[in-house]
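Results of the structural survey
Now for the letters of each chain:
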Amino acid sequence: FFNDTATTEIYTLSLHDALPICWADHEVQVEGRVAEVFPVGDSWAWTLVQGRDTIVVFSRVRGPKPRAHVIVQGTVSRGVFGGESRLALFESTH
């Protein structure tokens, strides 16, 4: 699914879509359940889960509680998490 508005395009994706790197630099919205949360300086990193699919979320906005259901809007990019390069979602600050 995706929303195409006059001012901003926001794509609502399923993690099952694997958020391919072709979504890089696009605003996307993903919802799921928070698994682990890690403080990273003044920011947070957490894993967002949909069924068996996961993505790492980096945020300067919030550090949600584990098991919370959240909707995250941000930009898809590559990030290093646990020493491994993975697709990541960088949460928007607005």
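Reference entry: report on the structure contained in this document. Everything quoted here is computed from the prediction, not taken from an experiment.

With that out of the way, let us pick up the overall build of the protein chain. Scanning the protein chain from terminus to terminus reveals zero helices and seven strands. Counted from the first residue to the last, the protein chain has its helices and strands arranged as β-β-β-β-β-β-β. Expressed as a percentage of the 94 residues in the protein chain, the buried residues total 35%. Here the contacts in the protein chain between residues at least 6 apart in sequence split such that 46% fall between residues at least 24 apart. Counting only carbon and sulfur atoms, one obtains 52% of the accessible surface of the protein chain, whose full area is about 6,000 Å².

What follows is about the packing of aromatic side chains. Scanning the model with the defined rule gives one aromatic pair in all. When the ring of Phe58 is compared with that of Phe90, the centres are 5.1 Å apart and the planes differ by 15°; the resulting orientation is stacked. Placement of the pair is Phe58 in strand S5 (residues 53-59) and Phe90 in strand S7 (residues 84-91), with a sequence separation of 32 residues.

Turning to the nonpolar core, a few remarks are in order. Grouped together as the largest cluster of nonpolar side chains are twelve residues: Val28, Val30, Val34, Trp46, Leu48, Ile55, Val57, Val70, Val72, Val76, Leu87 and Leu89. For this core, the secondary-structure elements that each account for two or more residues are strand S3 (27-40), strand S4 (43-50), S5, strand S6 (69-81) and S7.

Another point: unusual backbone geometry. Residues other than glycine seldom take positive phi values, yet Arg67 does so here, at roughly 75°. Its place among the elements puts Arg67 in the loop between S5 and S6. Residue classification places Arg67 among the exposed positions, given a relative accessible area of 69%.

Let's shift gears to the pattern of salt bridges. If the charged atoms of two oppositely charged side chains come close together, the side chains can form a pair. Enumeration according to the criterion identifies one salt bridge in this entry. Arg62 is paired through a salt bridge with Glu91; the nearest N and O atoms lie 2.8 Å apart. Linking Arg62 in the loop between S5 and S6 with Glu91 in strand S7, this pair joins segments that are 29 residues apart in sequence. Glu91 sits in the buried class, given a relative accessible area of 12%.

Summarising the element assignment, Ser43 is placed in strand S4. When sequence neighbours within four positions are dropped, the list of residues in contact with Ser43 reads Phe38, Ser59 and Arg60.

About the criteria used
Per chain, residues are indexed from 1 in the order of the written sequence. Only residues with pLDDT of at least 70 are given local features in this predicted model, and only at 80 or more are side-chain atom pairs given and counted; all residues enter the totals for whole chains, interfaces and linings. Only hydrogens and water are set aside; all other atoms, that is, all heavy atoms of the structure, feed into the side-chain values. For the purposes of this entry, the term helix denotes a DSSP run of H or I that reaches at least four residues, the term strand denotes a run of E that reaches at least two, and both are numbered from the N terminus. The buried label goes to any residue with under 20% of its type's maximum accessible area, the exposed label to any with over 50%, and the partly exposed label to all in between, with areas taken from a 1.4 Å probe on protein chains only. In this description, contact between two residues means that some pair of their heavy atoms is separated by no more than 4.5 Å. Residue burial considers only the protein chains on display, and all accessible areas are found by Shrake-Rupley using a 1.4 Å probe. Aromatic rings from Phe, Tyr and Trp, with only the six-membered ring used for Trp, were paired whenever their centres fell within 6.5 Å, and each pair was classed as stacked if the ring planes differed by under 30 degrees, edge-to-face if by over 60, and tilted otherwise. To qualify as a nonpolar core, a set must consist of buried Ala, Val, Leu, Ile, Met, Phe, Trp, Tyr and Cys residues joined through side-chain atoms within 4.5 Å. Salt bridges, as used here, are contacts in which a Lys or Arg side-chain nitrogen is within 4 Å of a carboxyl oxygen on Asp or Glu.

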